[in-house]
Amino acid sequence: MKYNAPRGTHDLWGDAAEKIRVLEDICCNIFKIYNYKEIRFPTFEDADLFTRSIGETTDIVEKEMYVFNDRKGRRLALRPEGTAGVVRSYIENNLEQILGISKLFYMGSMFRYERPQAGRYREFLQIGAEYFNNPSPAADAEIILVAKEILNLIGLKDISIHINSLGCPGCRPNFRKALKDYFLNCKDLCVDCNKRIEKNPLRVLDCKIDSEKFKNAPKIEGFLCQECSTNFSQVQELLRISDCQFIIDHNLVRGLDYYTRTVFEIRSNALGAQDALAAGGRYDNLVEEIGGPFTPAVGFALGSERVIMALDKLKINLGINKNKLIFVAVSSQSLEKSGFILANKLKTLYCNANNKYTYIIEGPFGERSLKSQLRLADKLCADKVIIFGEEEFKRGCVLLKDMTNNTQSEIALGEVQADI
């Protein structure tokens, strides 16, 4: 029986996996500069954690979570996003007391049962960061700038940053009521929008089907309380003085219920309709809502596969270094031991060279003919091949074949390192 990867999942190998690794390494370096510490948390959690934090009326909870019962009947779910798990860990492990400044970043798989399409998978990779216990607009600006810095550093310069404020629990109810009244007068809305009008009218603004009908919908800026209005103005000012251009997008609401005040998305035209590369915002009430003390917080996440897709479409090299591949070949099985000794010596030498793998060493394959080994070396795009021939080896020599110009020369076995 032939098995295939489940629908909506995909394998990453070779250059594709290397691009993800390079992206993660770049993110790690930037996070460290901004003093974020790595956190790793379970791939599955109590399903109620996500229902309570993300919101019962969101598409994620209603349609997309992978929920299951374990052998003792506990209702668990694969994590559909990272923030809820980080917040649970922050509370459970008392990280505020341990770390002082609680800035955390994470990387890993998330799971949502969505219709697979370009850049959207049912298991996908995310990189995210969360900043706890700083209510200042400076924390909002920092999170946006960290995301921007990552995308700019890997070569994505042509991006647009969209920001909005969702207000606070004090000023948002009036806006919700105004939206609901407006939407009730709109005709021919989609099925999802008609459901959302009653449950969560802000989510209607997130509709991709009816979005053109909402150009004259009420704008939240007219409903913000003085404190929220001042906060949003300060976030904008900090972005401006940081030379960060942005667009105020009144229809930006994000798909999660826990957001308060600042929300943002960073988009790329390279991806067409699926243009969001990174997104996030402030969630001041979430820690308290799931059992911790009141703790203001802000964070973001980027989609690793989407970022790589944007780079590929724009033909931007992520900086993957093609190390030179040296292939060791032998003309007979009797020489395999000598070839193995040299190959291992070279591997040890280059592994210890400041931990930089400047060369890739492959071979020998003594059970294959020399001709077959040379074909394999060519398929692997080897730069040079060290050939152990019977006659040359008797003289203490090997052949060094340059695969780029198809030339070869005889060199002393002890001088191999210097000549390659």
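In every chain, residue numbers begin from 1 and rise along the written sequence. The predicted nature of this model means local features are confined to residues of pLDDT at least 70 and side-chain atom pairs, given and counted, to a pLDDT of 80 or more, with totals for whole chains, interfaces and linings taken over all residues. Hydrogens and water molecules were not included; the side-chain quantities draw on all heavy atoms of the structure.

### What to know about the packing of helix H1 (residues 15-33) against helix H11 (residues 304-313)
Part 1 of the reasoning: An axis is simply a line fitted to the C-alpha atoms; with a helix, the fit covers only the stretch in contact. Between two such axes, the angle follows the N-to-C directions and lies from 0 to 180 degrees. Under the scheme used here, helices are H or I runs from DSSP no shorter than 4 residues and strands are E runs no shorter than 2 residues, and both carry numbers assigned from the N terminus. Packing of H1 against H11 brings their axes to within 10 Å, and their N-to-C directions diverge by 110°. In terms of axis orientation, H1 runs roughly perpendicular to H11. On the side of H1, the interface is formed by Lys-19, Ile-20 and Leu-23, while H11 contributes Ser-304, Glu-305, Val-307, Ile-308 and Asp-312.
Part 2 of the reasoning: Of the residues belonging to the contact of H1 with H11, the class tally is four nonpolar, one polar and three charged. Any angle from 65 to 115 degrees is called roughly perpendicular, while one under 35 is roughly parallel, one over 145 is roughly antiparallel, and all others are oblique. The contact criterion used throughout is that any non-hydrogen atoms of two residues lie within 4.5 Å. Note on residue categories: nonpolar means Ala, Val, Leu, Ile, Met, Phe, Trp, Tyr, Cys or Pro, charged means Asp, Glu, Lys or Arg, and polar means any other residue, Gly included.

### Notes on the packing of helix H7 (residues 172-184) against helix H8 (residues 191-199)
Part 1 of the reasoning: Closest axis-to-axis distance for the H7/H8 pair is 9 Å, and the angle between their directions is 145°. Here H7 runs over H8; the crossing is left-handed. Across from Arg-176, Lys-180, Phe-183 and Leu-184 in H7, the residues of H8 making contact are Ile-197, Glu-198 and Lys-199.
Part 2 of the reasoning: Classifying every residue of the contact of H7 with H8 gives three nonpolar, no polar and four charged. Note on convention: the crossing is left-handed when the near helix lies turned anticlockwise from the far helix by less than a right angle, right-handed when the turn is clockwise.

### Digging into the environment of Phe-132
Part 1 of the reasoning: Tracing the chain through its elements places Phe-132 in strand E6 (residues 123-132).
Part 2 of the reasoning: Given the relative accessible area of 2%, Phe-132 is considered buried.
Part 3 of the reasoning: For the pair Phe-132 and Asp-284, spaced 152 residues apart in the sequence, the C-alpha separation amounts to 9.0 Å.
Part 4 of the reasoning: Contact partners of Phe-132, with chain neighbours within four places excluded, come to Val-86, Val-87, Tyr-90, Ser-102, Leu-104, Tyr-283, Val-287, Thr-295, Pro-296 and Ala-297. Here the term buried applies to any residue with accessible area under 20% of the maximum for its type, exposed to any over 50%, and partly exposed to those in between, with areas from a 1.4 Å probe on protein chains only.

### Here we look at a positive patch on the surface
Part 1 of the reasoning: Put simply, a patch holds well-exposed residues, over 30% relative accessible area, that have no salt bridge, with like charges counted together within 9 Å and Val, Leu, Ile, Met, Phe, Trp or Tyr side chains within 5 Å. All accessible-area figures derive from a Shrake-Rupley calculation using a 1.4 Å probe, and residue coverage is judged against the displayed protein chains alone. Each salt bridge in this description consists of a side-chain nitrogen of Lys or Arg and a carboxyl oxygen of Asp or Glu lying within 4 Å of one another. Two residue types count as positive, namely Lys and Arg, and two as negative, namely Asp and Glu; His and chain ends fall outside the count. Here the site of a charge means NZ on Lys, CZ on Arg, CG on Asp, or CD on Glu. Residues Arg-368, Lys-371, Arg-375 and Lys-379 make up a contiguous surface patch of positive charge.
Part 2 of the reasoning: Mapping Arg-368 onto the fold places it in the loop between strand E13 (359-362) and helix H13 (370-379).

### Brief notes about the side chain of Asp-284
Part 1 of the reasoning: Considering the arrangement of structural elements, one finds Asp-284 in the loop between strand E10 (276-282) and helix H10 (286-289).
Part 2 of the reasoning: Judged by relative accessible area, which is 11%, Asp-284 ranks as buried.
Part 3 of the reasoning: A polar contact of 2.7 Å, which involves the side chain of Asp-284, links it to the side chain of Arg-282.
Part 4 of the reasoning: Among the polar contacts listed, one links the side chain of Asp-284 to the backbone nitrogen of Ala-297, at a separation of 3.2 Å.
Part 5 of the reasoning: Excluding residues within four positions of it along the chain, Asp-284 makes contact with Thr-260, Phe-294, Thr-295, Pro-296 and Ala-297. Any N or O atom pair separated by 3.5 Å or less is treated as a polar contact, with the protein-specific requirement of one donor-capable and one acceptor-capable atom, and with residues adjacent in sequence counted only for side-chain atom pairs.

### Description of the sheet that holds strand E16 (residues 407-412)
Part 1 of the reasoning: Following DSSP output, two strands are said to pair if at least two bridges run between them. With respect to topology, five strands assemble into an open sheet ordered E13-E12-E14-E15-E16, the strand pairing being mixed. The sheet terminates laterally at E13 and E16, the two strands that pair on one side only. Pairwise comparison of adjacent strand axes, ignoring direction, gives a mean angle of 25° for this sheet.
Part 2 of the reasoning: In this sheet, strand E15 (residues 397-402) lies alongside strand E14 (residues 384-388) in antiparallel orientation, the contact comprising four bridges. Paired with Lys-384 across the bridge in E15 is Asp-402.
Part 3 of the reasoning: Along the sheet, H13 contacts strand E12 (324-330), E14 and E15; its crossing angle with E12, the most-contacted strand, is approximately 175°.

### Details of the pairing of E6
Part 1 of the reasoning: Burial runs high along E6: nine of the ten residues are buried.
Part 2 of the reasoning: Where strand E5 (residues 102-111) lies against E6, ten bridges are found, and the strand directions are antiparallel. Within E6, the position partnered with Ser-102 by the bridge is Phe-132.

### Looking at the packing of aromatic side chains
Part 1 of the reasoning: Centres within 6.5 Å make a pair out of two Phe, Tyr or Trp rings, where for Trp the six-membered ring is used; the pair is then stacked when the planes are under 30 degrees apart, edge-to-face when over 60, and tilted otherwise. As enumerated under the stated definition, the model contains 15 aromatic pairs in all.
Part 2 of the reasoning: A ring pair is formed by Phe-31 and Phe-105, whose centres lie 4.7 Å apart and whose planes are at 20°; its orientation type is stacked. Pair noted here: Phe-31 is in helix H1 and Phe-105 is in strand E5, with a separation of 74 residues, a long-range link.
Part 3 of the reasoning: In this structure Phe-31 comes out as buried when scored by relative accessible area, which is 0%.
Part 4 of the reasoning: When the ring of Tyr-90 is compared with that of Phe-132, the centres are 4.1 Å apart and the planes differ by 15°; the resulting orientation is stacked. Highlighted residues: Tyr-90 in helix H4 (residues 83-92) and Phe-132 in strand E6, separated in sequence by 42 residues.
Part 5 of the reasoning: Relative accessible area serves as the criterion here: at 4%, Tyr-90 is assigned to the buried category.
Part 6 of the reasoning: Residue placement shows Arg-79 over the ring face of Phe-41; its charged tip is 4.9 Å from the ring centre.
Part 7 of the reasoning: The side chain of Lys-103 reaches across the aromatic face of Tyr-131, ending 4.8 Å from its centre. Remark: a charge is flagged as sitting over a ring if the NZ atom of Lys or the CZ atom of Arg is within 6 Å of the ring centre and within 35 degrees of the ring normal.

### Concerning the sheet that holds E6
Part 1 of the reasoning: Spatially, E1-E5-E6-E11-E10-E9-E7-E8 is the arrangement adopted by the eight strands of the open sheet, whose pairing is mixed. Only two strands of the sheet have a single neighbouring strand rather than two, namely strand E1 (37-38) and strand E8 (247-248).
Part 2 of the reasoning: The pairing of E6 with strand E11 (residues 297-303) spans seven bridges and is antiparallel. Bridge pairing links Ile-127 to Leu-302 in E11.

### A word on the side chain of Ser-304
Part 1 of the reasoning: Within the secondary structure, Ser-304 sits in helix H11.
Part 2 of the reasoning: Take Ser-304: its relative accessible area is 0%, and that puts it in the buried class.
Part 3 of the reasoning: Contact partners of Ser-304, with chain neighbours within four places excluded, come to Ile-20, Leu-23, Leu-125, Gln-126 and Ile-127.

### Topic: the pairing of E12
Strand residues, when the strand is regular, have side chains that alternate between the two faces of the sheet.
Part 1 of the reasoning: Of all seven residues in E12, six are buried, a share of seventy percent or more.
Part 2 of the reasoning: Direction of pairing for E12 relative to E13: parallel, over a ladder of four bridges. Note that in E13 the partner of Ile-326 across the bridge is Ile-361.
Part 3 of the reasoning: Relative to E14, E12 is paired through five bridges, and the arrangement is parallel. Along E14, the bridge assignment pairs Ile-326 with Lys-384.

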